[in-house]
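A structural walkthrough
Given next are the chains, with one letter for each unit.
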Amino acid sequence: MAGQVEAALAELGLELPQVVPPLASYVPAVQAGDFVFTSGQLPMVEGKLTLTGKVGAEVTAEEAKAQARICALNALAAVKSVIGDLDRIQQVVKVVGFVASAGDFTGQPGVVNGASELLGEVLGAAGVHARSAVGVAVLPLDAPVEVEIQVRVSA
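A short tour of the structure in this document, coming up.

1. Describing the packing of helix H2 (residues 61-83) against helix H3 (residues 108-123)
H3 packs onto H2 with a crossing angle of 45 degrees between their chain directions and a minimal axis gap of 7 Å. As summarised for this structure, H2 and H3 are arranged oblique, according to the angle between their axes. Judged by the twist between their axes, the crossing of H2 over H3 is right-handed. In this structure, H2 contributes Ala61, Ala64, Lys65, Ala68, Arg69, Ala72, Leu73 and Leu76 to the contact, and H3 contributes Gly110, Val111, Val112, Asn113, Gly114, Ala115, Glu117, Leu118, Leu119, Glu121 and Val122. Within the contact of H2 with H3, the residues separate by chemical class into 12 nonpolar, three polar and four charged.

2. Brief notes about the packing of aromatic side chains
Overall, the coordinates contain one aromatic pair when judged by the stated rule. Summarising the aromatic geometry, the rings of phenylalanine 35 and phenylalanine 37 are spaced 6.5 Å apart at their centres and angled 40 degrees between planes, so their arrangement reads as tilted.

Conventions used here
- Residues numbered from 1 in each chain as written.
- Predicted model: local features only at pLDDT ≥ 70, side-chain atom pairs only at ≥ 80, totals over all residues.
- Heavy atoms only, no water.
- Axes fitted to C-alpha atoms, helices over the stretch in contact; angles between N-to-C directions.
- Helix = DSSP H or I, 4+ residues; strand = E, 2+ residues; numbered from the N terminus.
- Parallel < 35°, antiparallel > 145°, perpendicular 65-115°, else oblique.
- Left-handed = near helix turned anticlockwise from the far one by under 90°.
- Contact = heavy atoms within 4.5 Å.
- Nonpolar A, V, L, I, M, F, W, Y, C, P; charged D, E, K, R; others polar.
- Phe/Tyr/Trp six-rings, centres within 6.5 Å; stacked < 30°, edge-to-face > 60°.

Structure, rendered in structure tokens:
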């Protein structure tokens, strides 16, 4: 039976995906005490990137924002793989978003809003978080965006 967080996702027309398998030697998420840290999540849908390239060149800021939303959904799936029930999330503590950016692109915060807004929509007050939005030259598989989250969970 789905909990409140997954019901909120369903109301948005979203379903929690399967955890994206690691691309190298790491795990999707790790719990340390009351905290879960995810690895960087790419905007994979059914095992594939739907867009590639640099934001501000091949990918628009709006397209990248939608991709960041997918990253956040994948991050929630990674968290669930460790804690079993997303309703145990008490607070999203930190979100870090990496945006593969064209040289003159400076809209990284707007892109990462895709992840932040999704977390707020499904978690309410528990989705409010600290955040970094970082422009980078390139990301794995030429993804336009990558997002990692840190959450505090109940016992």
